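Per-entry structural report
Chain by chain, the residues:
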Amino acid sequence: MATAFPCRVRIESTVDNLDSLGLTVGDSERTEEKADGYLMNNGDQYTLTYSVKGEGGDVYSEITVDGGAVRVKRQGAVISDFYFKEGEEHRSLYTVSPYKFEVTIKTGRVRPELDAHGGRVDILYRMNIGGADKAVRMKIWMQTS
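Below is a short write-up of the structure.

Describing the nonpolar core
General note: in soluble globular proteins, nonpolar side chains tend to be found buried as a group. Leu48, Val70 and Phe84 are the most contacted members of the largest nonpolar core, which totals 31 residues. Ranked by residues supplied to this core, first place goes to strand E9 (residues 118–129) with 5 residues. Ignoring sequence-local partners within four residues, the contact set of Phe84 consists of Gly68, Ala69, Val70, Val72, Ile105, Thr107, Val110, Ile123, Tyr125 and Met138.

Quick look at the structure:
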């Protein structure tokens, strides 16, 4: 039986814009979120839930780590459903009202290091959103209370 434990969450993302040759253009965009959430462990699967308040409204996030695959699903002011598994491509929509962007994700690397007390997940991927190519590094830390 799975049990959810309160946890502290920190997510850092670094996004680099890429030119037609795949080279970095301009400065990196860096974002960081911190929140209180819940971490649930059900065998080899971990699910992290948390919400943050943003300028456009509240965003509820659910991150599921199942072996070497990670799913990041958001609802509210931002709607997205991204799936990351090494070597795989995933297509989705990214919605920030009133706009919708088609997204293609090509996952390069997924490194989960989790146990019942939390841990870290690193994801490296390429993304094409609305026709723009980007290289993204996402780091997710969680620690149960």
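So, the sheet that holds strand E6 (residues 78–85)
An order of E1-E2-E3-E4-E5-E6-E7-E8-E9-E10 is seen for the 10 strands of this closed barrel, with the pairing classed as antiparallel. On average, each strand axis in the sheet is tilted by 25 degrees relative to the strand beside it, whichever way the strands run. With 3 bridges connecting them, E6 and strand E7 (residues 89–96) associate as antiparallel partners. The residue bridging Ser80 from the neighbouring strand is Tyr94, located in E7.

Remarks on the packing of aromatic side chains
Considering all chains together, one arrives at 4 aromatic pairs under this definition. Note on Phe82 and Phe84: the rings are 6.5 Å apart at their centroids and 85 degrees apart in plane angle, and the pair reads as edge-to-face. Assessed through its relative accessible area of 7%, Phe82 is described here as buried. Relative to Tyr125, the ring of Phe84 lies with its centre 4.7 Å away and its plane at 50 degrees, an arrangement referred to as tilted.

Here's the deal with the pairing of E7
Between E6 and E7, which pair antiparallel in sequence order, lie 3 residues; one of them, Gly87, sits at a positive phi of approximately 80 degrees. In this sheet, strand E8 (residues 99–115) lies alongside E7 in antiparallel orientation, the contact comprising 8 bridges. Its bridge partner being in E8, Val96 is matched across the sheet by Tyr99. Remark: 2 residues form the turn of the hairpin made by E7 and E8, two consecutive strands paired antiparallel.

Quick look at the pattern of salt bridges
Taken as a whole and assessed by the stated rule, the structure comprises 10 salt bridges. Put simply, Arg10 and Glu12 hold a salt bridge, and the shortest N to O gap is 3.1 Å. Of the charged contacts in the structure, one is a salt bridge between Arg120 and Asp122, with a shortest N-O distance of 2.9 Å. You can call Arg120 partly exposed: its relative accessible area is 29%.

About the thresholds
- Residues numbered from 1 in each chain as written.
- Predicted model: local features only at pLDDT ≥ 70, side-chain atom pairs only at ≥ 80, totals over all residues.
- Heavy atoms only, no water.
- Core = buried A, V, L, I, M, F, W, Y, C linked by side-chain atoms within 4.5 Å.
- Buried < 20%, exposed > 50% of the residue type's maximum accessible area, 1.4 Å probe, protein only.
- Helix = DSSP H or I, 4+ residues; strand = E, 2+ residues; numbered from the N terminus.
- Contact = heavy atoms within 4.5 Å.
- Pairing = 2+ DSSP bridges.
- Axes fitted to C-alpha atoms, helices over the stretch in contact; angles between N-to-C directions.
- Phe/Tyr/Trp six-rings, centres within 6.5 Å; stacked < 30°, edge-to-face > 60°.
- Salt bridge = Lys/Arg side-chain N within 4 Å of Asp/Glu carboxyl O.

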